[in-house]
Amino acid sequence: MLKADATNLSPMFCPRCSALRDAKPISYDEDCEIHGVEFTFHVDAFECLTCGEELADPADPDLFRPMYDAYRAASGTLRPDEVKAIRQRSGLSQVAFATILGMSPATINRYEMGVPIAIKEDNLLRMAGIPSALRMLLRQRGHLLKPGQRPKA
Ligand SMILES: [Zn+2]
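Worth saying up front: this structure is predicted, and the values here are computed from it rather than measured. (Residues numbered from 1 in each chain as written. Predicted model: local features only at pLDDT ≥ 70, side-chain atom pairs only at ≥ 80, totals over all residues.)

S.K.: What am I meant to see in the overall build of the protein chain here?
M.R.: When helices and strands are tallied, the protein chain shows six helices and four strands. Listed N to C, the secondary structure of the protein chain is β-β-β-β-α-α-α-α-α-α in terms of helices and strands. For the protein chain, the C-alpha radius of gyration of 21 Å lies well beyond 15 Å, the compact-globule estimate for 153 residues. Overall, the protein chain is about 65 × 30 × 25 Å in size when its C-alpha atoms are taken along their principal axes. Put simply, the protein chain has 153 residues, and 20% of those count as buried. (Helix = DSSP H or I, 4+ residues; strand = E, 2+ residues; numbered from the N terminus. Rg over C-alpha atoms; globule rule 2.2 N^0.38 Å. Buried ≥ 20, exposed ≤ 12 C-beta atoms within 10 Å, placed from the backbone.)

Below is the structure:
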């Protein structure tokens with residue numbers, strides 16, 4: 001584990017200083033709310049010793065990933081790979097899957113890339129993963145699909 005002492009100060013690029021600066025590891029819990037769900041997540045980052053700016057860990061530059069992981073744990077919503085697996089089992093492309101569910105293809109793409117899903121949309125995606133529910137949706141909305149978009153039966 002890293003300790004915040006002078007022996008492991010490591011120079012990092014600080015965007016506010018626009019320069020390499022000495023930085024120390026910092027760690028704290030932060031309260032957050034996404035889609036109406038309140039949760040706390042743990043932040044491991046660095047702090048510029050010159051200006052105090054919080055700097056992302058270069059080994060994990062995605063500052064939002066821990067927040068999104070904590071949201072999914074608190075809300076019980078699907079992970080990006082689970083969304084993709086449900087869609088792939090349906091035999092539908094992102095565009096066709098979105099059409100059947102009444103969502104935009106960009107939304108389905110964002111869910112598969114890791115953007116947090118509200119509980120209402122999560123319910124819809126889970127139901128689309130139930131074969132009998134998917135067959136019902138295809139009966140009701142299948143006419144909206146172009147011939148090449150239909151799943152191979
Ligand atoms: Zn700085």
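Read on, since the account is not over.
S.K.: Would you take a moment to explain the nonpolar core for this structure?
M.R.: If you look at soluble globular proteins, the nonpolar side chains tend to sit buried side by side. Counting residues in hydrophobic clusters, the biggest one holds 15 residues, and the most contacted among them are Val 83, Phe 97, Ile 100, Leu 125 and Ala 128. Contributing elements (two or more residues each) for this core: helix H2 (80–90), helix H3 (94–101), helix H4 (105–113), helix H5 (119–128) and helix H6 (131–141). In terms of residue count, H3 provides more of this core than any other element does, four residues in total. Those residues within four positions of Ala 128 in sequence are excluded, and the remaining contacts are Ile 86, Ser 90, Leu 101, Ala 133, Leu 134 and Leu 137. Cys 14, Phe 46, Cys 48 and Leu 55 belong to the second-largest nonpolar core, a separate cluster that totals five residues. (Core = buried A, V, L, I, M, F, W, Y, C linked by C-beta atoms within 7 Å. Contact = placed C-beta atoms within 7 Å.)

S.K.: Is there a simple way to explain H3 in this structure?
M.R.: Among all positions in H3, only Ala 96, Phe 97, Thr 99, Ile 100 and Leu 101 are buried. Turning to H3, the residues buried within the fold contact H2, H4, H5 and H6. Positive phi appears at Gly 102, one or two residues downstream of H3, with a value of about 75°.

S.K.: Looking at this structure, how should I read the environment of Gln 94?
M.R.: Topologically, Gln 94 is positioned in helix H3. Sequence separation of Gln 94 and Pro 147 is 53 residues, and the distance between their C-alpha atoms is 15 Å.

S.K.: Even after reading the chapter, I still don't get the environment of Ala 59, so can you show me in this structure?
M.R.: Tracing the backbone through its elements, the reader meets Ala 59 in the loop between strand S4 (54–55) and helix H1 (65–75). Taking the number of C-beta atoms within 10 Å as the measure of exposure, Ala 59 has 6 and is therefore exposed. Taking the C-alpha atoms as reference points, Ala 59 and Ala 19, 40 residues apart in sequence, are found 19 Å from one another.

S.K.: I'm lost on the packing of H2 against H4 in this one. Help?
M.R.: Helix-helix packing is described using two parameters, namely the angle between the two axes and the distance between the axes. Their axes nearest at 6 Å, the elements H2 and H4 cross at an angle of 130°. Regarding the angle of H2 to H4, the classification is oblique. The residues of H4 that touch H2, namely those facing Pro 80, Val 83, Lys 84 and Arg 87, are Ile 108, Tyr 111, Glu 112 and Met 113. Tallied by class, residues from the contact of H2 with H4 come to five nonpolar, no polar and three charged. (Axes fitted to C-alpha atoms, helices over the stretch in contact; angles between N-to-C directions. Parallel < 35°, antiparallel > 145°, perpendicular 65-115°, else oblique. Nonpolar A, V, L, I, M, F, W, Y, C, P; charged D, E, K, R; others polar.)

S.K.: How should I be thinking about unusual backbone geometry in this particular structure?
M.R.: Only a minority of non-glycine residues have a phi that is not negative, and only a minority of peptide bonds are not trans. For Ser 18, which is not a glycine, the phi torsion comes out positive at approximately 55°. When you line up the elements, Ser 18 lands in the loop between strand S1 (10–14) and strand S2 (19–34). Exposure remark for Ser 18: the 8 C-beta atoms within 10 Å place this residue in the exposed category. For His 35, which is not glycine, the phi dihedral falls at a positive 50°. Within the fold, His 35 resides in the loop between S2 and strand S3 (37–48).

S.K.: Would you mind going over the domain arrangement of the protein chain with me for this structure?
M.R.: Many descriptions give the size of an interface as the accessible area lost when the pieces come together. By domain assignment, the protein chain separates into domain 1 (21–75) and domain 2 (80–147). Using only C-alpha atoms to locate each centre, domain 1 and domain 2 end up separated by 31 Å. With six residues of domain 1 in contact, the opposing surface of domain 2 contributes four residues. Of all the elements, H1 adds the most residues to the side of domain 1 that touches domain 2, at four residues. Partitioning the side of domain 1 that touches domain 2 into residue classes produces three nonpolar, two polar and one charged. (Domains from an automatic or database assignment.)

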